[in-house]
Every structure is written in C-alpha cells, then in structure tokens.
Amino acid sequence: MTAITLDGVTTASAIKAELVDRVAILRSNGVVPGLATLLVGSDPGSQTYVAGKHRDCAEVGIESIRIDLPGSATSADVRAAIKDLNSRRDVTGYIIQLPLPVGHNENAMLELIDPSKDADGLHPTNLGRLVLGIEGELRSPLPCTPAGIVELLRRYDVPIVGQRVVVVGRGLTVGRPLGLLFTRKGLDATVTLTHSRTVDLAGEVRRADIVVAAVGVPHLIQADWIKPGAAVLDVGITRVHDEVTGKGRLTGDVHPDVASVAGHLSPNPRGVGPMTRAMLLSNVVKAAEQSLRL
Ligand SMILES: Nc1nc(=O)c2c([nH]1)NC[C@@H]1CN(c3ccc(C(=O)N[C@@H](CCC(=O)O)C(=O)O)cc3)C=[N+]21
C-alpha cells in the first residue's frame, strides 16, 4: 500500500484560480488589493520565500510591494517601516517575514501591525480572535500554515470531526494556532499538542488519525510510529547539504518510509508550503472584501 499524496501544488493552483475571479470583482468595485512584505537581512531561505509571495500575487492580480531592510537595520528602523506600512493606502495587507535577525523582538514587532492589515494572522488581536472564535463566527485572518493544513485535508475529504490529531511542535506559526483551529466547533478534532519535552513521542503519534509534523528535525517521524491508514502532514523543512550532488536540498520531518504505512501523506516540498502561500493570498483577498462591505 502506498499513501495518497496530498498535493499542495495542484490544490494551491485551484485556490489561486478561485481567487483570480474574486480579485477581478474587487477591482471592478474600485478596491485594489496590495500585499507588502517586510524583509530584514539577507537570509537566503527568507529571500526565496519572499520572492515566491510576490510571484503568487502577480498570478492572481494582487499588487505587491517589497520592503527590504539591510541586516544592519535597528529595531527603530523596523518600527518605522511598520508604521509606514500601516499608513500606506496601497498596502491592504502585509507580512513581516520571520525570523527577524537576532536582536529584534519579534513579538513586539508583530504587535505593531494594524490588525486589519495583518495578512499572517499573527497579531495578538487576531490570535485572540482565534481563541475567542471557538465556533469560527469571528471573521479574522487565520495563520496561513494552519489554515492551509485544514484546507488541504478538506479538499481531499480526509475526515477531521472526532479524529485524534497529534501535532508535533508548538511554534507560533504552526503548532500552537493549529491546535486552536482543529478544536473549533465545526472541525471538532481531539488534539494532542506535543513538543521537545513530550515523554514517549512515538507512543503519542501511534494513536493519531492525523499527524502534523512541524518541528524542523529531518526524518524525525518514523514509519513504525504511524497507525496504518493515518493522514500525515510533513510541515517542518530543513536545508541540508547533499553529499552526493554537493548541492543544498530540502528535507522534511517525515521519513520517506512513512508513505508505505500512511493513508494520506503531504510531501515536503510540494505539500503544505504552497498551501501556506495560497492562504496568505486568501487572507489578503478576504480583508479587501471586508473593507468593501463597510
Ligand atoms: N511572517 C511569516 N509568515 C510565514 O508564513 C512564514 C514566515 N514568516 N517565515 C518562514 C515560514 C516558512 N514559510 C514557507 C512558505 C512556503 C513554502 C513553500 O512554498 N515551499 C515550497 C518549496 C520552496 C523552496 O524551494 O524553498 C514547497 O514546499 O513546495 C515554504 C515555507 C512561510 N513562513
């Protein structure tokens, strides 16, 4: 048996095609959605992600604005850039590319974002709405990776209600908000949020109907940890040096042998990554649609 691939590239393309039409409607109503990215420093991974976000915007008709600050930028410089993005009329949503270089207080910077322009759903107000909106009635942007994971499972009809979900990793952008999302009314999963101090991680994962691995430890999740037929989502990514080719290569948290045990498997790359980007675009479009309703 080999797992059904949860294909993030194809699914994200379908979502982008839907967004094209919604952007056209916004534009015909005089609203031009514009996504800005704020990048500090020259980390090659971050450069790649930011470039990808601008390509995605062009694909669906969202304007995009790129603000790059040098690695030498002070926290005052970053604060000034955020203030500017909050006031710019052409920026309807934006993200601060994480991680910021050492020396900057990320949480303090995220808190300065105008919550109505928070395309990542990481401002405390929007994270708070995720907690308050236990039935999902509060319309606020959801963090992109958790939203992308749920959307990918939905589009492949993987059952969620009542299922045991084990999330490996409790980080701000994936694990922590994903636990909140999966336990909302309507999704109704039973979530176990595990982390580096979890005792018997293998035992926890073995009970799961859905496993989400978001830690950034290459091949941590072994085939004999997986309940046969479970859905496995590989989110963590690590750039490793390939001894054979001499080039850089991306490696997920899930061992390749998991494919012979799992029922569904999201590969990495080409799984949750493209879905994350599609959800970012969706957040920008939704926020612009909301501004039209006012
Ligand atoms: N404020 C903020 N918001 C984020 O959403 C955010 C962030 N900071 N910092 C870094 C992480 C990482 N992240 C990815 C998004 C897409 C891919 C993606 O599309 N990956 C491709 C491969 C791309 C490649 O070759 O590197 C794939 O999975 O197929 C990966 C990683 C968003 N993040």
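Residues numbered from 1 in each chain as written. Predicted model: local features only at pLDDT ≥ 70, side-chain atom pairs only at ≥ 80, totals over all residues. Heavy atoms only, no water.

Trainee: When you look at the UniProt feature "domain: Tetrahydrofolate dehydrogenase/cyclohydrolase NAD(P)-binding" (unreviewed entry) in the protein in this model, what are you seeing that I'm missing?
Mentor: Summarizing the sequence annotation, UniProt attributes the feature "domain: Tetrahydrofolate dehydrogenase/cyclohydrolase NAD(P)-binding" (unreviewed entry) to residues 143–291 in the numbering used throughout. Between the first and last C-alpha atoms of residues 143–291 the distance is 20 Å; the span itself is 31% helix and 21% strand. (UniProt positions renumbered as here; feature names shortened; annotations may be inferred. Helix = DSSP H or I, 4+ residues; strand = E, 2+ residues; numbered from the N terminus.)

Trainee: Please clarify how the nonpolar core should be interpreted in this entry.
Mentor: The tendency in soluble globular proteins is for nonpolar side chains to be buried side by side. Of all hydrophobic cores here, the largest spans 45 residues; its most connected members are Ile-62, Ile-149, Leu-153, Phe-182, Val-212 and Leu-233. Going through the elements one at a time, helix H1 (8–28), helix H2 (44–60), helix H6 (144–155), strand S5 (164–168), helix H7 (175–182), strand S7 (210–213), strand S8 (231–234) and helix H9 (272–293) are the ones with two or more residues in this core. It is H9 that provides the largest number of residues to this core, a total of 9 residues. Structurally, this core is a two-domain feature, drawing no fewer than three residues from each of domain 1 (28–133) and domain 2 (142–274). Among the nonpolar cores identified, the runner-up in size contains 20 residues, and Val-166, Ile-226, Val-254 and Val-261 belong to it. (Core = buried A, V, L, I, M, F, W, Y, C linked by side-chain atoms within 4.5 Å. Buried < 20%, exposed > 50% of the residue type's maximum accessible area, 1.4 Å probe, protein only. Domains from an automatic or database assignment.)

Trainee: Teacher, can you tell me more about the site of the ligand here?
Mentor: Around the ligand, the surrounding shell holds 14 residues, and the nearest of these are Ile-96, Gln-97, Leu-98, Asp-120 and Arg-270. Within the backbone of Leu-98, a nitrogen or oxygen atom sits 2.7 Å from a nitrogen atom of the ligand. At 2.6 Å from an oxygen atom of the ligand is found a main-chain nitrogen or oxygen belonging to Arg-270. With the chains in place, 79% of the 670 Å² that the ligand exposes on its own is no longer accessible. Sorting the residues of the shell around the ligand by element identifies H2 and H9 as the ones contributing at least two each. For the shell around the ligand, the leading source of residues is H9, giving 4 residues. The residue makeup of the shell around the ligand, split by class, is 6 nonpolar, 3 polar and 5 charged. Shared between two domains, the shell around the ligand holds at least three residues of each, these being domain 1 (28–133) and domain 2 (142–274). (Near = heavy atom within 4 Å. Polar contact = N/O pair within 3.5 Å; in protein donor to acceptor, adjacent residues only side chain to side chain. Areas by Shrake-Rupley, 256 points an atom, 1.4 Å probe, with all protein chains shown as cover. Nonpolar A, V, L, I, M, F, W, Y, C, P; charged D, E, K, R; others polar.)

Trainee: So what exactly am I meant to see when it comes to the UniProt feature "domain: Tetrahydrofolate dehydrogenase/cyclohydrolase catalytic" (unreviewed entry) in the protein here?
Mentor: The residues that UniProt annotates with the feature "domain: Tetrahydrofolate dehydrogenase/cyclohydrolase catalytic" (unreviewed entry) are residues 6–120. With 49% helix and 16% strand, the stretch residues 6–120 has end C-alpha atoms that lie 23 Å from each other.

Trainee: Explanation requested: the pattern of salt bridges in the structure shown.
Mentor: Pairing is possible between side chains that carry opposite charge, provided their charged atoms lie close to one another. Tallied over the entire structure, the rule returns 12 salt bridges. For Glu-63, the salt bridge is made with Arg-27, and the minimal N-O distance between the two is 2.7 Å. Here Arg-27 lies in helix H1 and Glu-63 lies in strand S3 (residues 63–69), a separation of 36 residues in the sequence. On the basis of relative accessibility, which here comes to 34%, the residue Arg-27 falls in the partly exposed class. (Salt bridge = Lys/Arg side-chain N within 4 Å of Asp/Glu carboxyl O.)

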